[in-house]
Amino acid sequence: MTTPSSPPHGTGYAEVIGDPIAQSKSPAIHNFWLGELGIAGRYAHCLVKLEELGDYLAARSGDRDWRGCNVTMPHKLAIMPLLDRLDPLAARIGAVNTVVREPDGSLTGYNTDAPGFLEPLAEELAKTHLFRMARVLGTGGAARAIVAALAAENFVIVLAGRDPAKARAMLDELAPGSDHHAIDLTHFGDSTDFPFDDREGCLDLIVNASPLGMTGQPPLGFDFSHAPPGSIVYDIVTSPLDTAFLQAARQAGFATVDGLSMLIGQADIAFSHFFGAKPPRQHDAALRALILS
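Residues numbered from 1 in each chain as written. Predicted model: local features only at pLDDT ≥ 70, side-chain atom pairs only at ≥ 80, totals over all residues. Heavy atoms only, no water.

A. Summary view of unusual backbone geometry. Following Asp19, the chain continues to Pro20 via a peptide bond in cis, the omega torsion being 10 degrees. Residue Pro240 is bonded to the preceding Ser239 through a cis peptide linkage, with omega at 5 degrees. By the secondary structure assignment, Pro240 is in the loop between strand 11 (232–235) and helix 8 (244–251). Of note in this structure, Asn154 is not a glycine but carries a positive phi near 65 degrees. The exposed category is assigned to Asn154, whose relative accessible area is 63%. (Helix = DSSP H or I, 4+ residues; strand = E, 2+ residues; numbered from the N terminus. Buried < 20%, exposed > 50% of the residue type's maximum accessible area, 1.4 Å probe, protein only.)

Here it is, written out as structure tokens:
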């Protein structure tokens with residue numbers, strides 16, 4: 001990944017764009033860090049419809065105070081051809097979630113979702129495992145980053161989507177190898193009596209990388225008979241933060257990771273790009289309390 005640009009402290013603003021966007025927790029995260037560091041910059045959200053992306057970027061690229069933006073649904077793929085250059089990781093993943101305005105007004109696209117997703121799993125990933133498997137639900141822009149990140153960490157991936165052919169194509173592109181599997185999302189909705197083997201020494205993840213279960217979206221259908229013993233259940237949805245999927249996982253006795261963990265992790269890298277400073281991560285507990293209040 002290239003080195004972030006470093007605008008001077010006390011100047012500039014950034015924002016998160018998407019449709020819808022009012023539910024985004026990114027402004028709370030970035031503004032908390034700005035306040036803790038005494039930086040006079042600001043961070044907001046901006047509703048941008050798909051057909052408005054080009055006009056939005058044209059207007060912002062001419063604004064010297066604009067440091068860039070985070071990108072959420074449904075723009076992570078659509079924004080790519082509108083940028084001047086792509087960071088190598090974003091180009092490999094094929095999705096952008098962070099746009100940085102360079103000093104000359106040009107726009108560079110980054111993907112901070114992949115490292116942000118892995119951050120809360122760092123302790124587990126530092127261990128040696130006999131086998132790693134991840135069941136990933138969803139085939140959108142965030143799923144692309146997650147699949148690429150998991151493949152780099154030597155996971156066998158089962159990717160589930162409404163269109164299994166799309167899931168297969170994504171695996172072939174981002175995680176080449178014959179061990180990965182693409183299936184229909186409905187496969188996980190019904191119970192199974194599959195006899196899981198002894199999972200000692202294995203790392204199993206169940207990841208909701210789709211918008212299912214988000215406020216205003218249909219629920220995610222997942223029967224936890226598909227989760228091997230000892231699985232970690234991870235939901236990237238942030239509204240609501242404690243999704244029905246996570247609640248059911250805890251009731252079934254599984255460890256869970258919520259979407260705020262990934263959001264804070266990816267925001268850390270984006271903040272450095274926008275404001276040229278490392279976020280004060282020692283205050284993560286206070287940040288979570290603020291967001292949940």
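B. Region of the structure containing the pairing of strand 10 (residues 202–208). A large share of strand 10 lies buried, amounting to 6 of its 7 residues. By the bridge criterion, 4 bridges tie strand 10 to strand 11 in an arrangement that is parallel. Its bridge partner lying in strand 11, Val207 is registered against Tyr234. (Pairing = 2+ DSSP bridges.)

C. Quick peek at the packing of helix 9 (residues 259–275) against helix 10 (residues 284–292). Running from N to C, helix 9 and helix 10 point in directions that differ by 120 degrees, and their axes come no closer than 12 Å. For the element pair helix 9 / helix 10, the angle class is oblique. The way helix 9 lies across helix 10 gives a crossing that is right-handed. Across from Leu260, Ser261 and Ile264 in helix 9, the residues of helix 10 making contact are Asp284, Leu287, Arg288 and Ile291. Among the residues making up the contact of helix 9 with helix 10, the classes are represented as 4 nonpolar, 1 polar and 2 charged. (Axes fitted to C-alpha atoms, helices over the stretch in contact; angles between N-to-C directions. Parallel < 35°, antiparallel > 145°, perpendicular 65-115°, else oblique. Left-handed = near helix turned anticlockwise from the far one by under 90°. Contact = heavy atoms within 4.5 Å. Nonpolar A, V, L, I, M, F, W, Y, C, P; charged D, E, K, R; others polar.)

D. Spotlight on the sheet that holds strand 5 (residues 98–101). With respect to topology, 6 strands assemble into an open sheet ordered 2-1-3-5-6-4, the strand pairing being mixed. Two strands in the sheet have a free side with no partner beyond their single neighbour: strand 2 (42–47) and strand 4 (85–86). Where strand 4 lies against strand 6 (residues 107–110), 2 bridges are found, and the strand directions are parallel. Across the sheet, residue Leu86 finds its bridge partner in strand 6, namely Gly109. Relative to strand 2, helix 1 (residues 26–37) is tilted by about 165 degrees, and along the sheet it contacts strand 1 (13–18), strand 2 and strand 3 (66–71).

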